[in-house]
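Secondary and tertiary structure notes
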Protein chains: 2
Amino acid sequence: MEIVSENKCFDGVQGVYKHKSTSCQCDMTFGLFLPADCRNDATPVIWFLSGLTCTHENAMLKSMAQYFANRHRVAIVFPDTSPRGDSVPDDEAYDLGKGAGFYVDATEEPWAKNYGMRKYIESELPKLIFSSFPLSPELQGICGHSMGGHGALTVAMSNPDRFRSVSAFAPIANPTKSDWGRKQFLAYLGEDESVWERFDSTILMKETGFPGPILIDQGTKDPFYDLLMPGSLMQAMADVRQNGSFHLREGYDHSYFFIMSFIESHIKFHRQAAGKS
Amino acid sequence: MEIVSENKCFDGVQGVYKHKSTSCQCDMTFGLFLPADCRNDATPVIWFLSGLTCTHENAMLKSMAQYFANRHRVAIVFPDTSPRGDSVPDDEAYDLGKGAGFYVDATEEPWAKNYGMRKYIESELPKLIFSSFPLSPELQGICGHSMGGHGALTVAMSNPDRFRSVSAFAPIANPTKSDWGRKQFLAYLGEDESVWERFDSTILMKETGFPGPILIDQGTKDPFYDLLMPGSLMQAMADVRQNGSFHLREGYDHSYFFIMSFIESHIKFHRQAAGKS
């Protein structure tokens, strides 16, 4: 693992690190904010999965997360959203290939070799982080935005013992029924739609739900509202009596201005679920 | 109007008053909590509509509302849930007749003469209260529990200019599709189901929504969950992008212990919507 940069930020450190990834068969970069007094028995870790077109940098630079993470003494991991590099296959569209990994393990060509984002988030990156920094896997929560909200919800429901809490900003909530999802699942996972189901929050909610609390914020002026399908997930949450809160936020859109407006409540939510409030 | 009782309570006064009601053709009793320093340009008024089997007393005695109402300087009105008295028709069932007015104006016999709870809440009681106490109709919010949650939501959506905000605890959210609703609407309103629709929150949400914010709390261990149908209202809120928050509260049931656990957040919500935070 290589240190790309480490900057003092509030009372903590914002680091950026690079490592060779076996899941993605390329170098991968991630951001990690460590608050002051970081201790592996005391500091909750929040994973922030970003959305389409993002790298590890977007949320790190635009969400204001560090201000609140330092104040509430939580660490935040900012993974990239896809494999990177000249040897990695891509597509001309913004919503397929680089910047659009969709947090699945691709099985189809030309994606299968590099697009292993699911195992990267589920296994490889946590192993690296918990062996390299004073953080404990006992106190994890996961959050995400848009495609990353889809990632956070589906990763959490597939790993109920790993995360104490999950939250999302404007998640792609029912991708097997949306143009944000069907195109990518067909490309990465192939034609058998039954394989897609474990990557759909609404379906997983109906099947298993999540043992901890869920927090979701969705802007009412989100230009991608119809692609996100928040109503499907709300209905599913009600059907299974999922412990959770769903906020329809008047006037907010899909941007980081929306995220920064509510990031503190997400950080406090995860901190409380980690038993630290 | 007759003073039944006035008790100092925190820094304010908890009053109970009786008056002859034209809407209900009987004497009606209501509770009113006035906080300290009550002024008609400054004190928000929250209507609290109670549920099946309740009188004006239940929320007044069991919700802890006064503690928070005084602290946050809001007034709370506690109306009764049906007409009362020996001359008023009743039914042996707990969910029809006295204590079960369902906040409609009955058109069918034997209910039509007395069961005018909708016009009582929409017109008669506010007129009396705003002419008798130092309160202003400019700063109203409405809240309710169960049958009263149904009342609060439908009265608010039918009177969008009157209320700045509406909230509910475990509302009967889709009564035209529930055994809590169909039985009563048939008895009070007759067989034409199209008449029932203006008394159904889910239908009104899809048709008009509400211009202000909505807050709903629903316990996941509510024994009446399936009768309440929260998912239908959540889906409708998502469909129309309603400004609002829906909390599925892990482990809470249908009781006043649930209500007291979250009543402060409702009072603060209405106070903020009244521009007083």
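Our subject is the structure that appears above.
A brief look at the structure comes next. Since the model is a prediction, treat every value here as computed from it, not as a measurement. Numbering of residues begins from 1 in every chain and follows the order in which that chain's sequence is written. Here every chain gets a letter starting at A, and every ligand a number starting at 1, in the order they are written. In keeping with the predicted nature of the model, local features appear solely for residues at pLDDT of at least 70, side-chain atom pairs appear and are counted solely at 80 or more, and the whole-chain, interface and lining totals rest on all residues. Hydrogen atoms and water are omitted, and side-chain values are computed over all heavy atoms in the structure.

1. Here we look at the overall build of chain A
So the rule is basically this: Secondary structure elements follow DSSP: runs of H or I of four or more residues count as helices, runs of E of two or more count as strands, with numbering from the N terminus. Only C-alpha atoms enter the radius of gyration; for comparison, a globular chain is expected to reach 2.2 Å times N to the power 0.38, where N is the number of residues. Throughout this description, buried means an accessible area under 20% of the type-specific maximum (1.4 Å probe, protein chains only), exposed means over 50%, and partly exposed covers the range between. Residue contacts follow a heavy-atom distance rule, with two residues in contact if any of their heavy atoms lie within 4.5 Å. Here the accessible surface of atoms and residues is derived via Shrake-Rupley with a 1.4 Å probe, and residues count as covered only by protein chains that are part of the display. In this tally, Lys and Arg are treated as positive and Asp and Glu as negative; His is ignored, and so are the chain termini. One atom stands in for each charge, and that atom is NZ of Lys, CZ of Arg, CG of Asp or CD of Glu.
Looking only at helices and strands, one finds ten helices and nine strands in chain A. On C-alpha atoms alone, chain A measures out to a radius of gyration of 17 Å, which is about the 19 Å that the 2.2 N^0.38 rule sets for 277 residues. Sorting the 277 residues of chain A into buried and exposed places 63% on the buried side. Partitioning the intrachain contacts of chain A with sequence separation of at least 6 by distance along the chain shows that 72% fall at a separation of at least 24. Carbon and sulfur atoms make up 48% of the accessible area of chain A, which totals about 10,400 Å². For chain A, the distance from the average position of its 26 positive side-chain charges to the average position of its 34 negative side-chain charges is 7 Å.

2. Considering the interface of chain A and chain B
What counts is decided by this rule: Using a 1.4 Å probe, buried area is obtained as the accessible area two parts lose upon being combined, added over both of them. For this document, the term salt bridge refers to a Lys or Arg side-chain nitrogen within 4 Å of an Asp or Glu carboxyl oxygen. For this analysis, a polar contact is any N or O atom pair within 3.5 Å, provided that within protein one partner can donate a hydrogen and the other can accept it, and provided that sequence-adjacent residues contribute only side-chain to side-chain pairs.
With 21 residues of chain A at the contact, the number on the chain B side is 21 residues. Taken together, both faces of the contact between chain A and chain B bury some 1,800 Å²; the carbon and sulfur share is 48%. Linking chain A with chain B are two salt bridges. For the interface between chain A and chain B, the tally reads nine residue pairs in polar contact (both at pLDDT 80 or more). Mapped onto the side of chain A that touches chain B, the elements with two or more residues apiece are α8 (225-228), α9 (230-240) and β9 (244-249) of chain A.

3. A closer look at the state of the cysteines
Operational definition: Any cysteine sulfur atom paired with another within 2.5 Å is treated as part of a disulfide.
Scanning the model with the defined rule gives zero disulfides over all chains in all. Looking at the unpaired A:Cys143, the closest cysteine sulfur is the one in A:Cys54, lying at 13 Å. Take A:Cys143: its relative accessible area is 2%, and that puts it in the buried class. We note that B:Cys9 lacks a disulfide partner, and the nearest cysteine sulfur, in B:Cys38, lies 14 Å from it.

4. Overview of helix α4 (residues 147-158) of chain B
Residues and elements named next belong to chain B. Applicable threshold: A helix is expected to reach a length of 1.5 Å times the quantity of its residues less one.
Taking 1.5 Å per residue, twelve residues should reach 16 Å; α4 reaches 16 Å between its end C-alpha atoms and fits that length. By the criterion of burial, α4 is predominantly enclosed, with eleven of the twelve residues buried. The complete set of buried residues in α4 reads Met147, Gly148, Gly149, His150, Gly151, Ala152, Leu153, Thr154, Val155, Ala156 and Met157.

5. Observations concerning the nonpolar core
Our working definition: Throughout this description, the term nonpolar core refers to a set of buried Ala, Val, Leu, Ile, Met, Phe, Trp, Tyr and Cys residues connected via side-chain atoms within 4.5 Å.
By size, the foremost hydrophobic cluster in this structure holds 176 residues, and its most contacted members are A:Phe48, A:Leu135, A:Tyr188, B:Phe48, B:Leu135 and B:Tyr188. Here B:Leu135 is in contact with B:Leu32, B:Leu34, B:Cys38, B:Asn40, B:Thr43, B:Val45, B:Ala75, B:Ile129 and B:Phe130, once residues within four sequence places are set aside.

6. What about the pairing of strand β7 (residues 163-169) of chain A?
All names here are of chain A. Worth spelling out the cut-off: Whether two strands pair depends on DSSP finding at least two bridges between them. Here a crossover is taken to be right-handed if, once the strands point away from the viewer, the path from the first strand over the helix to the second is traced clockwise.
Counting buried positions along β7 gives six out of seven residues, so the element sits mostly inside the fold. Summarising the sheet, strand β6 (residues 140-145) and β7 pair through six bridges and their orientation is parallel. Each bridged residue has a counterpart across the sheet, and for Cys143 the counterpart in β7 is Ser167. A crossover links β6 with its parallel partner β7, the connecting element being helix α4 (residues 147-158), and its sense is right-handed. Both β7 and strand β8 (residues 214-219) contribute to a ladder of four bridges, which runs parallel. In the sheet register, Ala168 faces β8, and the bridge partner there is Ile216.

7. Re the relation of the copies chain A and chain B
As a reminder of what qualifies: All copies are superposed by least squares; the fitting set is the C-alpha atoms of residues with a pLDDT of at least 70 in both.
Mapping chain A onto chain B calls for a rotation angle of 180 degrees and an axial translation of 0.0 Å; the resulting RMSD is 0.0 Å. Taken together, these values place the two copies in the relation of a two-fold axis. Mapped onto chain B, 100% of the interface residues of chain A again fall at the interface, so both copies present the same surface.

8. Regarding a nonpolar patch on the surface
The line we're drawing: Two joining distances apply to patches: 9 Å for like charges and 5 Å for nonpolar side chains (Val, Leu, Ile, Met, Phe, Trp, Tyr), and every residue must have over 30% relative accessible area and no salt bridge.
Nonpolar side chains collect at one region of the surface, where A:Phe10, A:Met64 and A:Tyr67 lie side by side and expose about 290 Å² of accessible area between them. With a relative accessible area of 45%, A:Phe10 lands in the partly exposed category.

9. Some remarks on the packing of helix α3 (residues 117-132) of chain B against α4(B)
Residue and element names in this part refer to chain B. What counts here: For helices, the fitted axis covers only the stretch in contact; all axes are lines through C-alpha atoms, and the angles between them, taken along N-to-C directions, range from 0 to 180 degrees. Oblique is the label for any angle not covered by the other classes, which are roughly parallel (under 35 degrees), roughly antiparallel (over 145) and roughly perpendicular (65 to 115). Helix crossings are classified by the rotation of the near helix relative to the far one: an anticlockwise turn of less than a right angle makes the crossing left-handed, while a clockwise turn makes it right-handed.
One way to put it is that α3 packs onto α4 with a least axis distance of 11 Å and a crossing angle of 55 degrees. Relative to α4, the element α3 lies oblique. Crossing of α3 against α4: the hand is right-handed. Contact residues: Arg118, Ile121 and Glu122 in α3; Thr154, Val155 and Ser158 in α4.

10. A word on the pattern of salt bridges
This structure, assessed with the given rule, holds 18 salt bridges over all chains. We note a salt bridge from A:Asp41 to A:Arg39, for which the minimum N-O separation is 3.2 Å. Relative accessible area serves as the criterion here: at 47%, A:Asp41 is assigned to the partly exposed category. On the basis of relative accessible area, A:Arg39 is assigned to the partly exposed category, the value being 46%. Among the salt bridges present, the one from A:Asp226 reaches B:Arg241, with a minimum N-O distance of 3.6 Å.

11. A word on unusual backbone geometry
Here the bond from A:Glu109 into A:Pro110 is cis, since omega is 5 degrees, no more than 30 degrees from zero. Structurally, A:Pro110 is set in the loop between β5 (75-78) and α3 (117-132). The phi dihedral of A:Arg73 is positive, around 55 degrees, even though this residue is not glycine. Relative to the elements of secondary structure, A:Arg73 occurs in the loop between α2 (65-71) and β5. A positive phi is found at B:Phe10, a non-glycine position, where the angle reads about 50 degrees. Looking at the secondary structure, you find B:Phe10 in the loop between β1 (2-9) and β2 (12-21).

12. Section: the packing of aromatic side chains
For any pair of aromatic rings, geometry is given as the distance between the ring centres together with the angle between the planes. All names here are of chain A. Rules: Stacked, tilted and edge-to-face are the three classes assigned to paired rings of Phe, Tyr and Trp, where Trp is represented by its six-membered ring and a pair needs centres within 6.5 Å; plane angles under 30 degrees give stacked, over 60 edge-to-face, the rest tilted.
Overall, the coordinates contain 30 aromatic pairs over all chains when judged by the stated rule. Ring centres of Phe169 and Phe258 lie 5.8 Å apart, and the angle between their planes is 90 degrees; on these two criteria the pair is classed as edge-to-face. Here Phe258 lies in helix α10 (residues 256-273) and Phe169 lies in strand β7, a separation of 89 residues in the sequence. Residue class for Phe169 comes out buried when judged on its relative accessible area of 0%.

13. Concerning the pairing of β8(A)
All names here are of chain A. Counting buried positions along β8 yields six of six residues, so the element is predominantly enclosed. The side-chain alternation of β8 yields two buried faces, one formed by Ile214, Ile216 and Gln218 and the other by Leu215, Asp217 and Gly219. Relative to β9, β8 runs parallel, the two being bridged by six bridges. Paired with Ile214 across the two strands is Gly244, which belongs to β9.

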